[in-house]
Amino acid sequence: MSRPPILSVALPSDTGRVLSIQSHTVQGYVGNKSAVFPLQLLGFDVDPINSVQFSNHTGYPTFRGQVLDGKQLWDLIEGLEENQLLHYTHLLTGYIGSVSFLDTVLKVVDKLRSVNPDLVYVCDPVLGDEGKLYVPQDLISVYQQKVVPVASMLTPNQFEVELLTGLRITSEQEGLTACNKLHSAGPRKVVITSALIESKLLLIGSHKKTEEQPPDQFKIEIPKIPAYFTGTGDLTTALLLGWSNKYPDNLETAAELAVSSLQALLKRTVEDYKRAGFDPSTSSLEIRLIQSQDDIRNPAVTCKAVKYVS
């Protein structure tokens, strides 16, 4: 007598399940390689979809690999749906290189919210940095008109905030004004993850808890480390997602933990490169993610938030 077929069943996640649509590198830590492991350490089930699969990140002399298109992304979503595997508490997106892929991501948001209306969408709108655009120009308007309105939390850097709002940010007040403009478009939580203002490196956070009240706004001064790293933006957004889930009404605490964790990891990275005989100032450094897992799980708070008085 033949045995009946064994059907797989996935248990629901008690701690949260994240669908993370980002880039992937075989070697090194950017995109999903920067985000998945930290979120797992913070207790999440994480299901990654790799928007690209490259041998290494594009800062090396060469790279090879494949790029996922919108049709292939939707094929994966339909496969999950057919097996009733689309219940997610969070969606996380990072670098997206084409309008067609971003349009499909918007379809994914709608699909996931049809299954779970309480889905939290954390969007890192990776457009560029330090005045340099990383993506085609026409992605900016798609983010402005379609993505920002459906995001729960937005984590742009200074250059990206300027692109999304059309506002120049040369002061803290201008940063807060930009946050308010983004709130009016949709997301309740906005974190400018890095802004160089009057020679200080700042994180500026803003949480609009209700329509009637002004947002709670704060800054964290980030210690400068004389080195250049890859994957830090992807890691920061993942940490903000993780700690915001634990402290949903206290974005300041979540940001303190995220920044403190990142600082400990970056210091370890520099120390390890120096110990190996490298000069950290001469090239871009791969972050020491695996070696810093204690600082991800239980960071000592070394960077404190200062609230703005409205």
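Here is a short report on the structure shown in this document.

Thresholds applied
- Residues numbered from 1 in each chain as written.
- Predicted model: local features only at pLDDT ≥ 70, side-chain atom pairs only at ≥ 80, totals over all residues.
- Heavy atoms only, no water.
- 1 Å grid on protein atoms, 1.4 Å probe; cavity = no way out; pocket = protein on both sides within 12 Å on 5 of 7 lines; lining within 4 Å.
- Points joined across faces, edges and corners; volume = space filled by probe spheres on them.
- Helix = DSSP H or I, 4+ residues; strand = E, 2+ residues; numbered from the N terminus.
- Nonpolar A, V, L, I, M, F, W, Y, C, P; charged D, E, K, R; others polar.
- Buried < 20%, exposed > 50% of the residue type's maximum accessible area, 1.4 Å probe, protein only.
- Polar contact = N/O pair within 3.5 Å; in protein donor to acceptor, adjacent residues only side chain to side chain.
- Salt bridge = Lys/Arg side-chain N within 4 Å of Asp/Glu carboxyl O.

**A word on the layout of surface pockets**
Here is step 1: Volume-wise, the largest pocket comes out at about 1,700 Å³.
Here is step 2: If you trace the largest pocket, you find 49 residues lining it, with Asp129, Tyr134, Tyr228, Phe229 and Thr232 closest to the centre.
Here is step 3: No other element matches the five residues that helix α7 (residues 232-246) contributes to the lining of the largest pocket.
Here is step 4: Looking at the lining of the largest pocket residue by residue, the classes come out as 21 nonpolar, 21 polar and seven charged.
Here is step 5: By volume, the second largest pocket is sized at about 380 Å³.
Here is step 6: In terms of lining, the second largest pocket is formed by 15 residues, of which the most central are Ala10, Leu11, Arg17, Gln84 and Leu85.
Here is step 7: Here the residues of the lining of the second largest pocket sort into seven nonpolar, six polar and two charged.

**Observations regarding the side chain of Gln22**
Here is step 1: With respect to the helices, strands and loops of the structure, Gln22 is situated in strand β1 (residues 17-25).
Here is step 2: Taking relative accessible area as the criterion, Gln22 reaches 2% and is therefore assigned buried.
Here is step 3: Polar contacts involving the side chain of Gln22 include one to the side chain of Ser20, which spans 3.2 Å.

**What about the pattern of salt bridges?**
Here is step 1: The tally for this structure, following the rule as stated, stands at 14 salt bridges.
Here is step 2: A salt bridge links Glu172 to Lys219; the shortest N-O distance between them is 3.2 Å. Of this pair, Glu172 sits in helix α6 (residues 172-185) while Lys219 is found in strand β11 (residues 216-221), placing the two residues 47 residues apart along the sequence.
Here is step 3: Owing to a relative accessible area of 22%, Lys219 belongs among the partly exposed residues under this scheme.
Here is step 4: Here Arg297 makes a salt bridge to Asp294, at a shortest N to O gap of 3.8 Å. Here the residue Arg297 and the residue Asp294 both occupy positions in helix α9 (residues 293-297), the gap between them amounting to three residues, near one helical turn.
Here is step 5: For Arg297, a relative accessible area of 36% corresponds to the partly exposed category.

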